[in-house]
Amino acid sequence: MSVQQNIYRQRHSFSKIRSLVPIPNLIDIQKRSYDEFLQMNLLHTERDPRGLKSVFEGMFPVHNGKNLDGTDATLEVEFLDYTVGHWACKCEKYKGLEHLRTVCKSCGHHIVAEHAKDPAVDCPQCGTRNKNAATICDVCQEPVSMKQKMSMEECVERGSTMAAPLKIRVRLNQFDKDDKGNRRFKQSQESEVYFGDIPIMTDRGTFIINGTERVIVSQLHRSPGAFFSIAPDKSLYSAQIIPYRGSWIEFELDAKGLLYARIDRKRKFLGATFLRALGLFDERLADNAGMVTSFYQPAPFSLKKGKLFASVGEHLAGRKLSEDLKDPKSKDVLVKAGRALSRRVIDQVIKAGVKEVEVEREWLDGAVLMQDVVNMNTGEVLMEANEPFKQTDLEMFLANNVSDFTVCFPENDPTGKVFHETLAKDHTEDPEEAAKELFKKIRPGEPATLESSKKLLHGMFFDPQKYDLSKVGRHKVNAKLGLGTGLDVRTLDCTDFIGTVHYLLRLKKYDTTREAQQEGAPVRADDIDHLGNRRVRSVGELLENGFRVGLVRVQRAIKEKFSMAQDPNSPLQAHDLINSKPVIAAMKEFFGSS
């Protein structure tokens, strides 16, 4: 009798193109995603800020104050820790994950042993081999492990859900206020709150829900980031900043050549009005001068004895001088009259020590002021920023002893004249008025106050609890706009808005001119259907979103129950404030519909 050599089937590939990337372990992707969401075998200090930990830390603390930071609150619920499952040895003598830790003798890192009965463990930080210090019970001779009520087979047989209890530890802080409004600490108490049972994943990447084995399918969705598009007939140029969670902001350039902004695809308003409202958070956008400076290249000019001089810089590129330009030291001719100035020639002029050149007044045709021009003797504002400049204005400058002024040339600038025209059409005077104007359009019918308008804008784009760009979104925004913002900054700032509008303006300018000049555009539109602009949401990420929905309802219920603290006969407890039913309902809905 011959011995069978091959007891397993061999997989044969009939493809002509050899695969360079092996097929990944798709079940392991699901298991790793869920482990990163729960992090149940780690202590709170060892957990990364993601999954359940990021959800809890994003929702807490909850307070009853009017200020966003809670400095005026008298009651505050603070999140401390959470545990998933019951960790103990077989006889319940030792409880807790700290019995599975070994401290490295070299670097002090806490090592988590995969097998508690191994004699030695290697430190993942420094590689030093240490003696395994995991506690082995002297009664049952077993290490600490997660105890489950029923096994997978029993759950299927009895029609139950294979799950582990989720408990959170919170602290209730109470403060007293004096007559002046200053608060002082009164007392605090910690308590543990049961948050329902959370399903546990099997080794096959599935869940046992009511005795039925179910699997959560990963989803493909639009990646967060900044995306730019052009309509097929080139009548509309648009830019979108898509967050992972929060409000969408969209900028549009219509056929009339004006910039508009739209929040959450609702009513649109002038882009200059929106940017001016952001001046509440960034001084660069507080006035016309700051906004013009953010989008256009400055060209400084000066008046000396009735003659006009321009400082040497990149803004002179392409211009022609009416007279020969000579080296101030050697008197050699650097640039002949009538010759166009190139960037290489400008660099040579700067190296020769020439700081300014005399120019004709016709150079100022099409110029726009970048700063307010003020008579220093009387304080009168002669011209405001973003006003078109005329040659006759030079006589007014000479009469009022104005010697230096700065302009820009929107027609020659990479961003074009769209923003200049949009800013001229904006009728708001300051950030406060612009913020109220936005509030009226976003929430019509409600009274528009400065406090409510600022709170609305802050909650839409700058509040980490309501807006999350995610690390992927931040990376794509940085790569697209050429920014260096850290990946941990997951909210927007004014630099992101300025960069997005700047890129959109350049997209229109170069898209309409590069065909005639036969050159490649330095900016390009995105294809939203390209797989590079899509990403996969795995089970841990999907469950995190569902859990956050339930926790928002819990947060709202806590704020409603803060009114119970006014009764002195019923002392307030932390577990009385927190109702876990919304979270349990959200989990049942997720696993029942996915």
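Residues numbered from 1 in each chain as written. Predicted model: local features only at pLDDT ≥ 70, side-chain atom pairs only at ≥ 80, totals over all residues. Heavy atoms only, no water.

> Can you tell me about the environment of Glu 451, naming the residues and giving the values?
With respect to the helices, strands and loops of the structure, Glu 451 is situated in helix H10 (residues 450–461). Along the chain, Glu 451 and Asn 288 lie 163 residues apart, while their C-alpha atoms are 23 Å from each other. (Helix = DSSP H or I, 4+ residues; strand = E, 2+ residues; numbered from the N terminus.)

> Kindly report on the sheet that holds strand E27 (residues 404–408), identifying the contributing residues and their values.
Spatial strand order, E23-E20-E19-E27-E24: 5 strands in an open sheet with antiparallel pairing. With partners counted over all chains shown, the strands left at the sheet margins are strand E23 (356–358) and strand E24 (368–369), one partner each. Pairing geometry for strand E19 (residues 299–304) and E27, over 4 bridges, is antiparallel. The residue bridging Pro 300 from the neighbouring strand is Thr 406, located in E27. (Pairing = 2+ DSSP bridges.)

> Requested: an account of helix H15 (residues 581–593), with residues and values cited.
What sets the pattern is the α-helix's 3.6 residues per turn: residues three or four places apart point alike. With 13 residues, H15 ought to run about 18 Å at 1.5 Å a step, and its terminal C-alpha atoms sit 18 Å apart, in line with that. What H15 keeps buried is the set Pro 582, Val 583, Ala 586, Met 587, Phe 590 and Phe 591. Down the axis of H15, the buried side of the element spans an arc of 160°, and every buried residue falls inside it. For H15, the exposed residues lying more than 90 degrees away from the buried face are Lys 581, Lys 588, Glu 589 and Ser 593. Residues of H15 that are buried make contact with strand E10 (183–199), strand E11 (207–209), strand E12 (212–214) and helix H13 (539–561). (Expected span 1.5 Å × (residues − 1). Buried < 20%, exposed > 50% of the residue type's maximum accessible area, 1.4 Å probe, protein only. Arc of directions from axis to C-beta. Contact = heavy atoms within 4.5 Å.)

> For the sheet that holds strand E14 (residues 225–230), give the residues involved together with the corresponding values.
Reading across the sheet, the 5 strands line up as E14-E15-E16-E17-E18 and stay open at both edges, with antiparallel pairing between neighbours. Every other strand in the sheet has two partners, leaving E14 and strand E18 (268–270) as the edge strands with one partner each. Across the sheet, the mean angle separating the axes of adjacent strands is 25° when strand polarity is ignored. Of the strand pairs in this sheet, E14 and strand E15 (residues 237–242) are connected by 6 bridges, and their pairing is antiparallel. Across the sheet, the residue bridging to Ile 230 is Tyr 237, located in E15. Here helix H8 (residues 418–425) sits on the sheet and contacts strand E16 (249–253), strand E17 (259–263) and E18; the angle it forms with E17, its principal contact strand, is near 70°. (Axes fitted to C-alpha atoms, helices over the stretch in contact; angles between N-to-C directions.)

> I'd like to hear about the pairing of strand E9 (residues 163–177), residue by residue, with values.
Alignment of strand E2 (residues 75–84) against E9, held across 9 bridges, turns out to be antiparallel. Paired with Leu 75 across the strands is Gln 174, a residue of E9. Relative to E10, E9 is paired through 14 bridges, and the arrangement is antiparallel. Considered in E10, the bridge of Val 170 is made with Ser 191.

> Describe the packing of aromatic side chains, listing the residues and the values that go with them.
By the definition in use, this model includes 24 aromatic pairs. Ring centres 5.4 Å apart and planes at 75° place the aromatic pair Phe 274 and Phe 497 in the edge-to-face group. Residue Phe 274 is found in helix H4 (residues 271–277), and its partner Phe 497 is found in helix H12 (residues 494–517); the two are separated by 223 residues along the sequence. Phe 497 shares its class with Phe 274; the two are buried. Ring plane angle 35° and centroid distance 4.2 Å describe the contact between Phe 295 and Phe 419, whose orientation is recorded as tilted. (Phe/Tyr/Trp six-rings, centres within 6.5 Å; stacked < 30°, edge-to-face > 60°.)

> Could you give an account of unusual backbone geometry, with specific residues and numbers?
For the bond running from Phe 60 to Pro 61, omega is 0°, close enough to zero to count as cis. For Ser 470, which is not a glycine, the phi torsion comes out positive at approximately 70°. Looking at the element boundaries, Ser 470 is found in helix H11 (residues 470–481). Taking relative accessible area as the criterion, Ser 470 reaches 9% and is therefore assigned buried.

> Can you lay out helix H9 (residues 431–442) for me, pointing to particular residues and giving the numbers?
For H9, with 12 residues, the first-to-last C-alpha span of 16 Å sits near the 16 Å given by 1.5 Å per residue. What H9 keeps buried is the set Pro 431, Ala 434, Ala 435, Leu 438, Phe 439 and Ile 442. Along the axis of H9, the buried residues cluster in a sector spanning 140°; they form a single face. Contacts made by the buried residues of H9 are with E17, E18, H4 and H10.

> Give me the nonpolar core: which residues, what numbers.
In this structure, Phe 274, Leu 275, Phe 461 and Phe 497 are the most contacted members of the largest nonpolar core, which totals 54 residues. With residues near it in sequence (within four places) discarded, Phe 461 still touches Ser 247, Ile 249, Ile 263, Phe 274, Tyr 467, Thr 491, Leu 492 and Phe 497. Within the second largest apolar cluster, 51 residues are counted, among which are Phe 37, Phe 60, Ile 216 and Phe 590. (Core = buried A, V, L, I, M, F, W, Y, C linked by side-chain atoms within 4.5 Å.)

> I'd like to hear about the side chain of Asp 413, residue by residue, with values.
Note that Asp 413 resides in the loop between E27 and H8. Note on Asp 413: relative accessible area 7%, which makes it buried. Once you skip the residues sitting within four places of it in the chain, Asp 413 turns out to touch Phe 295, Tyr 296, Gln 297 and Lys 509.

> Report on the pattern of salt bridges, specifying residues and quantitative values.
Applying the stated criterion across every chain, the model contains 26 salt bridges. For Arg 32, the salt bridge identified is with Asp 28, shortest N-O distance 3.3 Å. Separated by 4 residues within a single helix, Arg 32 and Asp 28 lie in helix H1 (residues 26–38), roughly one turn from each other. Among the residues examined, Asp 28 registers a relative accessible area of 32% and is labelled partly exposed. Here Arg 50 makes a salt bridge to Glu 36, at a shortest N to O gap of 4.0 Å. (Salt bridge = Lys/Arg side-chain N within 4 Å of Asp/Glu carboxyl O.)

> Requested: an account of the environment of Asp 48, with residues and values cited.
Mapped onto the fold, Asp 48 is located in the loop between H1 and helix H2 (52–59). Asp 48 sits 11 residues away from Phe 37 along the chain, and the two C-alpha atoms are 9.7 Å apart.

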